[in-house]
Amino acid sequence: MNFELTEERQMLQDSLRRFLRDHQKALQASTLLGAGGEEGARGFDAEIWRKLSELGVIGALFSEADGGFGGQGFDLTTVFEELGRAGAVEPVLDTGVLCGSLIADLGNKDQRAFLADLIEGNLQLALAHGEANSRYDLAQVEALAKTSADAIVLSGRKAVVVNAEAADVLLVSAREDGASGAEEGISLFLVPRGTAGLSLRGYPLMAGGRAAEVDLDEVHLPLSARLGERGQAHEALLRARARSEVALAAETLGAMETAVDLTKEYLGTRQQFGRPIGTFQALQHRMAQMLIELEQARSAVINAAGHLESPSTAERDLQIAAARNLIGRAGRLIAEEAIQMHGGIAMTQEYELAHFAKRIIMADHRFGDTDTQLERFIDLSAA
Amino acid sequence: MDLSYSPEEERFRAEVRQFLEQKLPAEMSEAMRLGRSIGKEGHDRWHAILNEQGWLAPNWPVQFGGCAWNAVQRHIFEEECCRAHAPRIVPFGLSMLAPVLQKFGSKAQQDHYLPRILSGEDWWCQGYSEPGAGSDLASLKTRAVREGDHYVVNGQKTWTTLGQYANWIFCLVRTDPDAKQQQGISFLLIDMDTPGIEVRPIILLDGTHEVNEIWFTDVKVPVENLVGEENKGWTYAKYLLTHERTNIAGVGFSRAGLEAVKRMARAQMHRGRPLIENPHFAARLAQAEIDLMAMATTNLRIISRAAAGQAPGVESSMLKVKGTEIRQEINDLARRAAGVYAMPFASEAVESGNEPGLGPEGSEAVAAQYFNNRKLSIFGGSNEIQKNIIAKVKLGGRA
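All of these numbers come straight from a predicted model, not from anything done at the bench.

1. A short note on the environment of A48(B)
Mapped onto the elements of the fold, A48(B) is located in helix α3 (residues 39-53). Given a relative accessible area of 42%, A48(B) falls into the partly exposed group.

Put into structure tokens, the structure is as follows:
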């Protein structure tokens, strides 16, 4: 048994932590870029993105076979815990993990050429999969793909597509067979920005970054735009979601660490009734509870990351559902207690805790919330 | 023991309901229901409608223009207002300052300020908290030094709600720095147009501007703006705080919130079925409703005692804690119900209703409300302070 990071991952962690600390100001500014930005804005700092790729942050998300130097569960958690600690809003999750996994899994030789651009930081991607009625269910796809002799035509709407405006290429899912809710029949297509019939209604996100509603109005694509086999994308989507959930769990853990650190510091410095408020036992016990929950969350992330490459996808998904359910609960407790123990100052946009609380809480709305994870866990344990 | 309202109370409820159906502008009710801002104009308009009806100041004695409703009637009125999604009556002048002036103010102050509160000519804000004086309010440092016929005020107030709209502020200031903390504080009325006052916005975590910092630099305040006696301000402030705690349980808000969650959960599909049928979500929703049902009765027990002339004691602290916990839980349920559509930050265009919302109806404001209402357990005496009060009273002096 060994719970230490390998030397390579330790080095990556150190250099990433140092970089993020040195760029704290720029990172903080980029949390507001989405909100202040015009329609079509990126919502993140392109310079930070470039430097992250130079540091190898994106390469660490891919195996050597895919042109990277990592790609395993603990590579993802090493990167994302640090990004979470720093509150970074750069779309490493969407471009790197979610879309990167799909291209690596499903891409043919030509399509896999995107991976090199991606790892070098020259490509932005977004997955346009969820729809207004799909909630957290990957099989609920109503958008349609119709194939003729020389073209594919997409029509439908996609909901809350994170990073859509910045994306050079969108990975769009659409149904080629079966009814909405069927796992069979879903395909993915590569749709370059600016393709006729593709339109975006962009908006900022509560926790930083941007997303868009995507309208597909008779989007004509060449036959070569299909990613993977016709109608067979569901399993790859499940795998990409599994990898993204491990990354997101680690990112949330990192944000929780920072929320706890800020609260600890505040309890030591804030004076009321002539003494630091951290000397009140009522608050000390609550701080202790936050620390206990934080260690639970850390172990849950380790469980999930350790099973990401499990030969059994059921075991993989059970561990991930467990981790995200636990983090959903522990995260809510930590975010809310951190705000409460700070008092009014935590309610301000200016004080950094607010951003971390938002990252923690809003993470619950991606890929499945706390209750959905509980449901998945129950289903998988019963199976 | 009888849980039902009397026939007169039911008649009163019908009268209130009819008034709201006729006079509450539909677009205002709609905006409130969807969690949109109605701005100063909206508040002013609703204020004027209520004033015309004579129902603006339910808690004021008749001689000052109030309607002399008892606690049960006030409760019914609040309940009906929430049910109809009426805007909240901005409380600073009407429910906070006015009772203090009516009890401790001079005849001249009553004659001058009270009619202007009713007419809406003056918009008051509250100058209590300071950066270093939150839960420990008595440690406030803003200084007022008497020089002839005026005070000179220097210092800083914070968390001043809607101070950007106010033309007057009532302030707690330190007039005797040598006295024991609570004993050197005075209650001053200050015209916001006086030179030396600066209002700086504080943007909250949901992007809204509802609170401010207010800076005082050598602000000259006429001595006739002192309420009551010098150095007795803490007594008046405590009196005011008991009024701040009326409707502290927020039963009506919680009921309206719960209805909104149910509406959304009926429309949102989860695994091919409406979310409201999902056992995990339904269980959370049911628990919140069960808690609310009991708290509503606790609230009525206290109101009915108040109507019989008994002042509420430690129970209002209990209501504040439970009431805010329930409201915050309902906000949490609302964001869960919205699913992925909790993630967007509603732009001003969507906020103001000029652009269609993105997700299911009512979803655009849920995340902002969830974060914004974290304030409920912080302001008006944090829940920790309320628990100190409960423990102190119930455990016999050991807090």
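2. Things to note about the domain arrangement of chain B
The domains assigned to chain B are domain 1 (7-89), domain 2 (122-231) and domain 3 (245-394). Measuring from the centre of the C-alpha atoms in domain 1 of chain B to the corresponding centre in domain 2 of chain B gives 30 Å.

3. Describing the pattern of salt bridges
Under the criterion given, the structure shown has 62 salt bridges over all chains. Of the charged contacts in the structure, one is a salt bridge between R286(A) and E337(A), with a shortest N-O distance of 2.9 Å. Here R286(A), found in helix α9 (residues 281-306), pairs with E337(A), found in helix α10 (residues 313-342); they are 51 residues apart in sequence, far enough to count as distant. Shared partners join several salt bridges into a network, and the residues in it are R332(A), E336(A), D364(A), E329(B), D332(B), R335(B), R336(B) and R374(B).

4. Focus on the nonpolar core
Membership of the largest hydrophobic core comes to 140 residues, with the highest contact counts inside it found for L52(A), V79(A), F80(A), L102(A), V160(A), L171(A) and M362(A). Here this core takes 17 residues from helix α8 (residues 234-269) of chain A, the largest share from any one element. In this structure, A98(B), L114(B), I185(B) and V227(B) belong to the second largest nonpolar core, which totals 74 residues.

5. Digging into the environment of E8(A)
Relative to the elements of secondary structure, E8(A) occurs in helix α1 (residues 7-22). With 62 residues separating them in the primary sequence, E8(A) and G70(A) have C-alpha atoms 9.5 Å apart.

6. A short note on the domain arrangement of chain A
Residue and element names in this part refer to chain A. Parsing chain A into structural domains produces domain 1 (7-124), domain 2 (126-229) and domain 3 (235-382). If you look at the interface, domain 1 gives 27 residues, while domain 3 gives 30 residues. Buried area between domain 1 and domain 3, summed over both chains or domains, comes out near 2300 Å², and the portion from carbon and sulfur atoms is 60%. Three residues stand out in domain 1 for area buried against domain 3, namely E81, R85 and L93, and they jointly supply 21% of the buried area on that side.

7. Thoughts on the interface of chain B and chain A
On the side of chain A, 50 residues touch chain B, which itself brings 53 residues to the contact. When chain B packs against chain A, close to 4400 Å² is buried across both sides, 55% of that on carbon and sulfur atoms. Where chain B meets chain A, there are 9 salt bridges. Applying the counting criterion to the chain B and chain A interface returns 29 residue pairs in polar contact (both at pLDDT 80 or more). Listed by contribution, the elements that provide at least two residues to the side of chain B that touches chain A are β6 (197-203), β9 (269-270), α9 (279-307), α10 (314-338), α12 (366-372) and α13 (383-394) of chain B. In terms of residue count, the dominant contributor to the side of chain B that touches chain A is α10(B) (6 residues). Tallied by class, residues from the side of chain B that touches chain A come to 27 nonpolar, 15 polar and 11 charged.

8. Observations concerning the packing of aromatic side chains
Ring pairs (aromatic) are described by centroid distance and by the angle formed between their planes. Residues and elements named next belong to chain B. In total, this model carries 18 aromatic pairs over all chains according to the counting rule given. Summarising the aromatic geometry, the rings of W55 and W69 are spaced 5.5 Å apart at their centres and angled 65 degrees between planes, so their arrangement reads as edge-to-face. Highlighted residues: W55 in the loop between α3 and α4 (71-83) and W69 in the loop between α3 and α4, separated in sequence by 14 residues. Per residue, the accessibility class of W55 equals that of W69, and both read buried. An angle of 75 degrees between the planes, with centres 5.3 Å apart, marks the rings of Y113 and W168 as edge-to-face. Residue Y113 is found in helix α6 (residues 107-119), and its partner W168 is found in strand β4 (residues 168-174); the two are separated by 55 residues along the sequence.

9. So, α3(B)
Working note: α-helix, 3.6 residues per turn, so residues spaced by three or four point in the same direction. Residue and element names in this part refer to chain B. Compared with the 21 Å implied by 1.5 Å per residue over 15 residues, the 22 Å span of α3 between its first and last C-alpha is a close match. Within α3, burial applies to G39, G42, H43, W46, H47, I49 and L50. Across the axial projection of α3, the buried residues extend over an arc of 160 degrees, all falling on one side. Exposed side chains of α3 directed beyond 90 degrees from the buried face belong to E41 and E52. Where α3 is buried, its residues touch α1 (7-23), α2 (26-33), α4, α5 (91-104) and α6.

Calculation notes
- Residues numbered from 1 in each chain as written.
- Chains lettered and ligands numbered in written order.
- Predicted model: local features only at pLDDT ≥ 70, side-chain atom pairs only at ≥ 80, totals over all residues.
- Heavy atoms only, no water.
- Helix = DSSP H or I, 4+ residues; strand = E, 2+ residues; numbered from the N terminus.
- Buried < 20%, exposed > 50% of the residue type's maximum accessible area, 1.4 Å probe, protein only.
- Domains from an automatic or database assignment.
- Salt bridge = Lys/Arg side-chain N within 4 Å of Asp/Glu carboxyl O.
- Core = buried A, V, L, I, M, F, W, Y, C linked by side-chain atoms within 4.5 Å.
- Contact = heavy atoms within 4.5 Å.
- Buried area = accessible area lost by both parts, 1.4 Å probe.
- Polar contact = N/O pair within 3.5 Å; in protein donor to acceptor, adjacent residues only side chain to side chain.
- Nonpolar A, V, L, I, M, F, W, Y, C, P; charged D, E, K, R; others polar.
- Phe/Tyr/Trp six-rings, centres within 6.5 Å; stacked < 30°, edge-to-face > 60°.
- Expected span 1.5 Å × (residues − 1).
- Arc of directions from axis to C-beta.

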